[in-house]
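Residue-level listing of the chains:
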Amino acid sequence: MSTLTYKCPSCGAPLIYQGDEQVLKCHNCGNTFTGEVVRKVSEIEENETKQSSHWEMHDREFSASEAARTKTFSCSSCGAELITDETTVATNCAFCGSPSIIPAQFTPGTRPEKIIPFKVSKAEAEKSFYNYFRGKQMLPKMFLKGRNQISEIQQLYVPFWLFSCKADADMTFNGSRVLTRRSGQYMETITQHYLIRRAGTLDFENLPIDANDKIDNDITETLEPYQVASSIEFSPETLSGAMANRADVSPEICKQRADSRIRNTTETVIRNTISGYATVSVRGQSISVDEGVSLPVLFPMWQITTIREGKSYTFAINGQTGKLTTNIPYSKSKFFGWIFGIAASFTITALIVVAVLLKMGLVK
Ligand SMILES: [Zn+2]
Ligand SMILES: [Zn+2]
């Protein structure tokens, strides 16, 4: 017999090998286990709560020739840093509409790799603004009387990072089932405890993380999804007629946000594969992100502001799909609705329920 001491998976007391039955027995709680179960349990416990992630961030600089073909503006009213091509004239800030926008020195920073061109025209964006107010009984009264006017309309590119990866998860759970049966004049309750193990891989494709703090995340997230397949290679000329906001959230922060969204989604998907237990709780999880690639991109957006009773309200329209969102309260639009713009396909590569670990019989 080896001198290695295995601990009882149930109570933690040392297990003693019973040569005659070829099992490991716990003299504390009375349970017996096969060698295979004990080995699997210790393997799982070694593996608990490991996390790793490897990302290749495409964080490149503008070339000297691109920088020379790019005009930079900064807004002294809201602090936005905006870029456009040589031919576009900026008269007011694409964010706040302020005329206090001045040409500025080009500053190095992340160069977008891809850009999704505008498909929705200015006229179409304006039309969907006016259509929004038709037949909306839920709107606050002030929007129902008189004509709603556009006070500003801005054609804007918003910076995002797109994260694609494989997330390998190996999770363990404690589960229980309760059986009740009559035994003579007693009711017998048996609680069975399970150690459940699930392993699987999730493919994340183009998970968008907003690299812009100037526009409310509730707006940008509600505008998703964008069809990345129709994006084109970025060059300063692709900005013609519009302004792009320079990313003001660092790639490092975006990576952390992506990691946490990927882990939460993976955990939820894996957890949802388990059913048929009275209780389930997470015991350990190891999630590793592999083959991670992240690309900086620009997404098109029309931003419309309207002023009512001295207050400004924002409309944002996805410049590719025409999807509209607004921060007007009480509307039926899902402004604060969390829409998970993730194209995640899920494959369980291995699905293992380790074993019924122990049965505890309780009388009465
Ligand atoms: Zn025990
Ligand atoms: Zn501004």
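Residues numbered from 1 in each chain as written. Chains lettered and ligands numbered in written order. Predicted model: local features only at pLDDT ≥ 70, side-chain atom pairs only at ≥ 80, totals over all residues.

Here we look at the overall build of the protein chain
Here comes step 1: Along the backbone of the protein chain there are five helices and 16 strands.
Here comes step 2: Counting the 364 residues in the protein chain, one finds 29% classified as buried.
Here comes step 3: Taking the intrachain contacts of the protein chain between residues at least 6 apart in sequence as the baseline, contacts between residues at least 24 apart amount to 75%. (Helix = DSSP H or I, 4+ residues; strand = E, 2+ residues; numbered from the N terminus. Buried ≥ 20, exposed ≤ 12 C-beta atoms within 10 Å, placed from the backbone. Contact = placed C-beta atoms within 7 Å.)

Some thoughts on unusual backbone geometry
Here comes step 1: Geometrically, the link from Glu224 to Pro225 is a cis peptide bond, its omega value of 5 degrees lying close to zero.
Here comes step 2: For Pro225, the position within the fold is in the loop between helix H4 (217-223) and strand S11 (232-233).
Here comes step 3: Although it is not a glycine, Asn206 adopts a positive phi angle of roughly 55 degrees.
Here comes step 4: The buried category is assigned to Asn206, around which 21 C-beta atoms lie within 10 Å.
Here comes step 5: At Glu291, a residue that is not glycine, the phi angle is positive and equals roughly 50 degrees.

What about the sheet that holds strand S1 (residues 15-18)?
Here comes step 1: Taken in spatial order, the three strands of this open sheet run S1-S2-S3, and their pairing is antiparallel. Because the sheet does not close on itself, it has two edges, and the strands there are S1 and strand S3 (32-33).
Here comes step 2: As paired elements, S1 and strand S2 (residues 23-26) share four bridges and run antiparallel to each other. For Ile16, the partnering residue across the bridge sits in S2 and is Lys25. (Pairing = 2+ DSSP bridges.)

A look at the confidence of the model for the protein chain
Here comes step 1: Across the protein chain, the average pLDDT comes to 83, with 88% of residues at or above 70.
Here comes step 2: Low pLDDT, under 50, characterises residues 331-364; the stretch is placed with 74 contacts to residues that sit more than four places away or in other chains. (pLDDT = per-residue confidence, 0-100.)

A short note on the pairing of strand S14 (residues 311-318)
Here comes step 1: With eight bridges joining them, strand S13 (residues 279-308) and S14 adopt antiparallel strand pairing. By the bridge assignment, Trp302 is partnered in S14 with Ile317.
Here comes step 2: With antiparallel pairing between neighbouring strands as the criterion, S13 and S14 make up a hairpin whose turn holds two residues, including Glu309 at a positive phi of roughly 50 degrees.
Here comes step 3: Relative to strand S15 (residues 324-326), S14 runs antiparallel, the two sharing three bridges. Bridge assignment links Phe315 to a residue of S15, and that residue is Thr326.

Focus: helix H5 (residues 251-271)
Here comes step 1: Helix length check: H5, at 21 residues, gives a terminal C-alpha distance of 30 Å against a target of 30 Å (1.5 Å per residue), a fit within 8%.
Here comes step 2: Turning to H5, the residues buried within the fold contact strand S4 (51-57), strand S9 (152-183), strand S10 (186-210) and S13. (Expected span 1.5 Å × (residues − 1).)

Observations regarding the nonpolar core
Here comes step 1: Ranked by size, the top nonpolar core spans 56 residues in total, and within it Tyr157 and Phe299 carry the most contacts.
Here comes step 2: Counting residues per element, this core draws most heavily on S9, which supplies twelve residues.
Here comes step 3: With near-sequence residues (within four places) excluded, Tyr157 lies in contact with Ile115, Leu239, Ala242, Ala244, Asn245, Leu298, Phe299 and Pro300. (Core = buried A, V, L, I, M, F, W, Y, C linked by C-beta atoms within 7 Å.)

Brief notes about the pairing of S2
Here comes step 1: Of the two faces of S2, the one lined by Leu24 and Cys26 is fully buried and the one lined by Val23 and Lys25 carries no buried residue.
Here comes step 2: In this structure, the hairpin formed by S1 and S2 is closed by a connection of four residues, where Gln22 is found at a positive phi of approximately 55 degrees.
Here comes step 3: Here S2 runs beside S3; their pairing, made up of two bridges, is antiparallel. Paired with Lys25 across the strands is Thr32, a residue of S3.
Here comes step 4: Connecting S2 to the antiparallel partner S3 that follows it, the hairpin turn spans five residues, and Gly30 within it adopts a positive phi of roughly 85 degrees.

A short note on the environment of Met142
Here comes step 1: Topologically, Met142 is positioned in the loop between helix H3 (122-132) and S9.
Here comes step 2: Of the residues examined, Met142 has 12 C-beta atoms within 10 Å and is grouped as exposed.
Here comes step 3: Sequence-wise, Met142 and Glu309 are 167 residues apart; in three dimensions their C-alpha atoms are separated by 7.9 Å.
Here comes step 4: Sequence-distant contacts of Met142, defined by excluding residues within four places in its chain, comprise Arg308 and Glu309.

A closer look at the environment of Phe299
Here comes step 1: Within the fold, Phe299 resides in strand S13.
Here comes step 2: If near-sequence neighbours (up to four positions away) are discounted, Phe299 is found in contact with Ile116, Tyr157, Val158, Phe160 and Tyr226.

Notes on the environment of Ile307
Here comes step 1: Topologically, Ile307 is positioned in strand S13.
Here comes step 2: Linking Ile307 and Glu152, residues 155 residues apart in sequence, is a C-alpha distance of 9.4 Å.
Here comes step 3: In this structure, Ile307 is in contact with Ser151 and Ser312, ignoring residues within four places of it in sequence.

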